[in-house]
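So the chains spell out like this:
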Amino acid sequence: MQPTNKATGGFTMVEMLIVLSAFLMLSLISAFLFSPQKDLLEKEMFFSQLKADLLYGQQYAISHQETITVHIMPENNYYYIRGMDYTAPYLAKRHYSSDIIVEKGTMKLMFQYKPDGNIDSFGSIYIIAGSRKYKMMFQIGKGRFYVLEE
């Protein structure tokens with residue numbers, strides 16, 4: 001009798017391919033499920049950071065009794081907040097996702113907070129994040145603002 005060479009304890013190539021294809025399918029499905037979450041988080045982070053920066057600029061103007069400029073640069077996807085002394089450092093300079101589009105509404109994309117905390121202009125700015133459009137309204141008077149989904 002001739003000895004037979006049977007290897008036991010390993011996996012065949014077909015079994016490995018089945019397991020690998022199942023793993024790849026689960027990976028692809030999870031990637032598509034997490035994509036909307038990423039967009040939602042980017043939008044939430046943008047609005048949260050912008051609101052915090054605007055309130056900080058307003059408080060800085062009041063506490064230091066100086067005029068603070070807010071300039072949104074949609075073509076470069078960033079905004080900055082600084083005093084009138086252009087040699088001084090920025091109070092805030094933030095880049096945001098290219099998926100977020102900021103457009104001029106009834107208000108220019110450059111405005112100022114005066115030393116008393118009032119804003120020099122009022123109106124709306126439009127923000128498009130994904131498939132949704134938002135209107136950021138700046139009220140006349142004390143520089144208050146809020147965001148509405150359209």
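Residues numbered from 1 in each chain as written. Predicted model: local features only at pLDDT ≥ 70, side-chain atom pairs only at ≥ 80, totals over all residues. Heavy atoms only, no water.

Going by the annotation in an unreviewed UniProt entry, the name recorded for the chain is Type II secretion system protein, with Mesobacillus selenatarsenatis given as the source organism. Entered under Subcellular location (unreviewed entry) in the UniProt record, the comment concerning the chain runs "Cell surface". (UniProt positions renumbered as here; feature names shortened; annotations may be inferred.)

Participant: Is there a simple way to explain the nonpolar core in this structure?
Facilitator: Soluble, globular proteins show a tendency: their nonpolar side chains are buried together. Counting residues in hydrophobic clusters, the biggest one holds 26 residues, and the most contacted among them are F46, L54, V102, F111, Y113, I127 and F138. Put simply, the parts of the chain that give this core at least two residues each are α1 (13-64), β1 (68-73), β2 (78-83), β4 (100-104), β5 (110-113), β6 (123-129) and β7 (132-138). Broken down by element, this core gets its largest block of residues, 5 residues, from α1. Leave out the neighbours within four places in its chain, and F111 touches L54, I68, T69, V70, I119, D120, S121, I125 and F138. (Core = buried A, V, L, I, M, F, W, Y, C linked by side-chain atoms within 4.5 Å. Buried < 20%, exposed > 50% of the residue type's maximum accessible area, 1.4 Å probe, protein only. Helix = DSSP H or I, 4+ residues; strand = E, 2+ residues; numbered from the N terminus. Contact = heavy atoms within 4.5 Å.)

Participant: Would you explain the packing of aromatic side chains in this entry?
Facilitator: Aromatic ring pairs are described here by two measures, namely the spacing of the ring centres and the angle between the planes. Following the criterion strictly, the structure yields 9 aromatic pairs and no others. Relative to Y134, the ring of F47 lies with its centre 5.0 Å away and its plane at 70°, an arrangement referred to as edge-to-face. Linking F47 in helix α1 with Y134 in strand β7, this pair joins segments that are 87 residues apart in sequence. Across this residue pair, the class does not change: F47 and Y134 are buried. When the ring of Y80 is compared with that of Y90, the centres are 5.2 Å apart and the planes differ by 55°; the resulting orientation is tilted. A residue pair is termed long-range when its members are at least 10 positions apart, and Y80 in strand β2 and Y90 in the loop between β2 and β3 (92-95) qualify at 10 residues. For Y80, a relative accessible area of 11% corresponds to the buried category. Looking at Y90, the relative accessible area reads 35%, which means it is partly exposed. Within the aromatic cluster, the residues linked to one another by ring pairs are F46, F47, Y96 and Y134. Seen from the ring of Y90, R82 lies directly overhead, with NZ or CZ sitting 4.3 Å from the centre. (Phe/Tyr/Trp six-rings, centres within 6.5 Å; stacked < 30°, edge-to-face > 60°. Lys NZ or Arg CZ within 6 Å of the ring centre and 35° of its normal.)

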